[in-house]
Amino acid sequence: MLGRVMEAFPQDIQRKIVENVGKSLPLFTFHYKAAVCGQCRNLVALPVLELIESGHTYIGRCPQCYGEPELVKEESEMICPGCQEARVCVQDIGHWD
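The following paragraphs examine the structure supplied in this document.

Quick notes on the rules
- Residue indices follow the written sequence of each chain, beginning from 1 at its first position.
- This being a predicted model, a pLDDT of at least 70 is required before a residue's local features are given, and a value of 80 or more before pairs of side-chain atoms are given or counted; all residues contribute to the totals for chains, interfaces and linings.
- With hydrogens and water excluded, all non-hydrogen atoms of the structure serve as input to the side-chain values.
- Burial status follows relative accessibility: with a 1.4 Å probe on protein chains alone, a residue under 20% of its type maximum counts as buried, one over 50% as exposed, and anything between as partly exposed.
- The helix count covers DSSP runs of H or I at least four residues long, the strand count covers runs of E at least two residues long, and both are numbered beginning at the N terminus.
- Summarising the geometry, the arc corresponds to the directions from the helix axis toward the C-beta atoms.
- Only heavy atoms matter for contacts: two residues are in contact if any of them lie within 4.5 Å across the pair.
- Any two strands with at least two DSSP-identified bridges between them are counted as paired.
- Each axis is a line fitted through C-alpha atoms, and for a helix only the stretch in contact is used; angles between axes span 0 to 180 degrees, taken between their N-to-C directions.

**Here's the deal with helix α2 (residues 11-21)**
- Within the sequence span of α2, burial applies to I13, Q14, I17 and V21. Relative to the axis of α2, the buried residues are bounded by an arc of 105° and lie together on one face. In α2, the exposed residues that point more than 90 degrees away from the buried face are Q11 and E19.
- Residues of α2 that are buried in the fold lie against α1 (2-6), β2 (43-51) and β3 (57-59).
- Immediately downstream of α2, the backbone of G22 shows phi near 65°, a positive value.

The structure is reproduced here in structure tokens:
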């Protein structure tokens, strides 16, 4: 299962995950979260992998410019990073089994 999750990340992040995990089968959570790219300022959904036992968190990169993201807090309101005018509200809209 972790192997399939790792496919959502670029090669360099996959290598870091493998270095951290080794051959163990760790407990983890995986989901996509809203983020703002620090470089192009786009609002994007990025994969986030949290290894429960080690406490390590891995966040994907901006799919448009590969910049470093900054996660947006859930249920928060913010100003659109692109136009700097419109209000944006982030909230979960799905529940999975």
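**Considerations on the environment of C40**
- Here C40 is to be found in the loop between β1 (28-37) and β2.
- Remark: the alpha-carbon pair of C40 and E68, spanning 28 residues in sequence, is separated by 9.5 Å.
- In this view, C40 contacts C62 and C65; residues no more than four positions away in its chain are not counted.

**Let's talk about the sheet that holds β3**
- If you walk across this open sheet you meet the four strands as β3-β2-β1-β4, and the pairing is antiparallel. Of all strands in the sheet, those bounded by a partner on one side alone are β3 and β4 (69-71). The average angle at which neighbouring strand axes cross in this sheet is 40°, direction not considered.
- As paired elements, β2 and β3 share three bridges and run antiparallel to each other. What sits directly across from E50, in β3, is T57.
- Packed on one face of the sheet, α2 meets β2 and β3 and runs near 170° to β3.

So, to be careful, I would describe these as geometric facts and stop short of saying anything about function.
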